[in-house]
Amino acid sequence: MARSKSLNLGFLILLLCLSAEARFVVEKNSLMVIAPQEMRGKHDSAIGNFGIPQYGGSMAGTVVYAKSNSHGCDEFTESFRSKAGALPNFLLIDRGECLFAKKVWNAQGAGASAVLVADDKDEPLITMDLPREDDEAAKYIQNITIPSALVTQKFGEILKKAVKNGDMVNVNLDWRESVPHPDDRVEYELWTNSNDECGAKCDVLMNFLKDFRGSAQLLEQGGYSQFTPHYITWYCPKAFILSKQCKSQCINHGRYCAPDPEQDFSTGYEGKDVVVENLRQLCVFKIAKESKKPWVWWDYATDFHIRCPMKEKKYNKECADKVIKSLGLNLKDIEKCMGDPDADSDNAVLKTEQNAQIGTGSRGDVTILPTLVVNNRQYRGKLERKAVLKAICAGFEETTEPAVCLDDGIETNECLKDNGGCWQDKAANVTACKDTFRGRVCACPVFDGVQFKGDGYSSCRATGPGRCRINNGGCWYRSHDDKLFSACQESGDNKCQCPSGFKGDGTKTCEDVDECKEKKACQCPECSCKNTYGSYDCMCSGDLLYMREQDACISKSSSQVRGAWFAIVVVLAVLAVVAVGGYAIYKYRLRSYMDSEIRAIMAQYMPLDNQAEVQIHSQDENHA
């Protein structure tokens, strides 16, 4: 047993040596110092490989430095929670003495919104990661939700000096360029493993596959993304091909290997079992993609994990075949794709995977599981649905994001606080603030079919048809004696205009005009004027009637005479219309009569002409 473990350890060391010259790329985000003025400028920082970076967005805050516990290895006794209305606090912590993740965990517990770790070495930036897996780290690593970044030793000293001198150091962490976003489709890949007995990381990976499956399939089915699964394999050095380690952990005579799941050759499954299942999952993806259904891979990977776990001794071909058949995939095509694992030759599928492990362009070599790559940039952060979806959505060109990227689960919720600083009409419950994964956006909305226009920050005004039904279009209005007076007009230039009988700006005020006092009406000598709300009443003395159009008083008899004359004029007009109509009918009938007479006369002569033609024709025939 001791010899077996020793050989296993030696083999793992060899594998590490083979990857010692691997090319690593540090994923960075921008850190911009806003104040004080003499420190203004942009600096690089390395994204931590835990927590939730705000991919696609930015975050402003004030740098603070702990009075004690500067390395952050113990729980903080002071609070770094920002006060209401103040910028979030970014806690600056010194590197060293404990794991990066533990520093960030303690800072999060003290209320910090983000963590900046100052390097203690004069060296290029590195990625903050967990160097080892232990039970203590597993307890908090998956619960870190704040972003973190490593800054250089030189820049860290500048920040500490400014904070200690009492300067307010305001910075902006920007992740908008951390993931390239060239077009309306995102290409991403997940380097994974079918092994479900590798501890906390395997549990995290399997939970992610189950949680992210729905979002991944929506993106793929809608044509918004191109996903590719990958699996890491190693080769066995020629000197060890016949060793027990290689035989139990490799297929195709040492060409493709995976570590023993339990790290113990005497029990459980072997590394080659993992390689074979990895190969099967690659072929499931290949066949599903050829069938124009690449998203079926997510169904197989999650269903296999649920139905065929190692703990229940179901991690085998028999269980895998049942899952394949349940998904309607062609089993023979998959077996043909897999080839012979005992053959002393290359496997085309696994050979391609080994070549893909080598980094290209801006992506480094893949040596750690799991690894997520978005638009050829390695993802850093917590492997969970919300964080990963935010990173993928950041890979879309702005304004081309699909609906899944506007899901409530990945919004920043900045609108919940002071409406995000955007315009708001509380009375109509309309707001210009819209949460997105990139942060809040102030844009005048379309509400109840009505378009609002404005800058989105200080003003938004309803425009077009229907605008008056939403808070009266932002115009003045008042109800008086069950009658509504409004300055809102459905047509025209969408401006607020006081109705007739009122004066004002139409937005805030419209005052009743006193026509009587201002002598705008009812000015005839016999008139008596009385002002009413929005109008006026004019009364005439004696037996007179008021004519509003002429602003004059006339006697009732005159009114009656006028009425009689009006009736006479109407009667005469009717008679004239009747006469004209009768004349038109007479002309029509006379023309019709003349036409019929002419046709009758012509009918009498036409037969004679025909008869003469017949006689002449007969004479010609006799002469012939």
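Residues numbered from 1 in each chain as written. Predicted model: local features only at pLDDT ≥ 70, side-chain atom pairs only at ≥ 80, totals over all residues. Heavy atoms only, no water.

Colleague: Can you break down helix H9 (residues 317–326) residue by residue, with the values?
Modeller: All of the buried residues in H9 are Cys319, Ala320, Asp321, Val323 and Ile324. The inward-facing, buried residues of H9 abut helix H7 (271–290), helix H8 (296–307) and helix H10 (331–338). Where H9 begins, one side-chain oxygen reaches toward the backbone nitrogen of Glu318, 3.3 Å away; that side chain belongs to Asn316. Two residues or fewer past H9, Gly328 is found with a positive phi of approximately 75°. (Buried < 20%, exposed > 50% of the residue type's maximum accessible area, 1.4 Å probe, protein only. Helix = DSSP H or I, 4+ residues; strand = E, 2+ residues; numbered from the N terminus. Contact = heavy atoms within 4.5 Å. Polar contact = N/O pair within 3.5 Å; in protein donor to acceptor, adjacent residues only side chain to side chain.)

Colleague: Which residues make up the sheet that holds strand S18 (residues 446–447), and what are the values?
Modeller: Within a sheet, adjacent strands bond to each other through the backbone by hydrogen bonds, running parallel or antiparallel. Pairing is antiparallel in the open sheet, where 3 strands are placed in the order S18-S19-S20. The open sheet has two free edges, formed respectively by S18 and strand S20 (461–463), since each of these has just one partner strand. Across 3 bridges, the pairing between strand S19 (residues 450–453) and S20 is antiparallel. When the sheet's bridge partners are listed, Phe452 is paired in S20 with Ala462. (Pairing = 2+ DSSP bridges.)

Colleague: Please provide a residue-by-residue account of the packing of H7 against helix H11 (residues 348–356), values included.
Modeller: Here H7 crosses H11 at 95°, and the two axes come no closer than 10 Å. Taken together, the axis directions place H7 and H11 in an arrangement best described as roughly perpendicular. Contact residues: H7 offers Val275, Leu279, Leu282 and Cys283, while H11 offers Val349, Leu350 and Glu353. Class assignment for the residues of the contact of H7 with H11 results in 6 nonpolar, no polar and 1 charged. (Axes fitted to C-alpha atoms, helices over the stretch in contact; angles between N-to-C directions. Parallel < 35°, antiparallel > 145°, perpendicular 65-115°, else oblique. Nonpolar A, V, L, I, M, F, W, Y, C, P; charged D, E, K, R; others polar.)

Colleague: Help me get a handle on empty space enclosed by the protein, residues and values and all.
Modeller: The probe, sized like a water molecule, is rolled over the atoms to show the empty space still left. Scanning all chains against the criterion turns up 2 cavities of 30 Å³ or more. Its volume calculated, the largest cavity comes out at about 70 Å³. Looking at the largest cavity, the residues that line it are Thr192, Asn193, Ser194, Met206, Leu209, Tyr231, Gln281, Trp297, Ala301, Phe304 and His305. Counting only elements with at least two residues in the lining of the largest cavity, the list comes to helix H5 (200–221) and H8. Considering each element in turn, the lining of the largest cavity owes the most residues, 4 residues, to H8. A per-class count over the lining of the largest cavity returns 6 nonpolar, 5 polar and no charged. (1 Å grid on protein atoms, 1.4 Å probe; cavity = no way out; pocket = protein on both sides within 12 Å on 5 of 7 lines; lining within 4 Å. Points joined across faces, edges and corners; volume = space filled by probe spheres on them.)

Colleague: Can you explain the environment of Phe265? Please cite residues and give values.
Modeller: Residue placement: Phe265 occurs in the loop between strand S11 (256–257) and H7. Phe265 gets classed as buried once you look at its relative accessible area, which sits at 12%. Spatially, the C-alpha atom of Phe265 lies 8.0 Å from that of Gln245, the residues being 20 residues apart in sequence.

Colleague: Tell me about the pattern of salt bridges, and name the residues and values.
Modeller: For the structure shown, the criterion picks out 18 salt bridges. A salt bridge links Glu277 to Arg280; its shortest N-O distance comes to 2.5 Å. One end of the pair is Glu277 and the other is Arg280, both in helix H7 and 3 residues apart, which spans about a single turn. On the basis of relative accessible area, Glu277 is assigned to the buried category, the value being 2%. Look at Arg280 and you get buried, because its relative accessible area is 6%. What you see here is one network of salt bridges that share partners, running through Arg95, Asp119, Asp120, Lys121 and Glu123. (Salt bridge = Lys/Arg side-chain N within 4 Å of Asp/Glu carboxyl O.)

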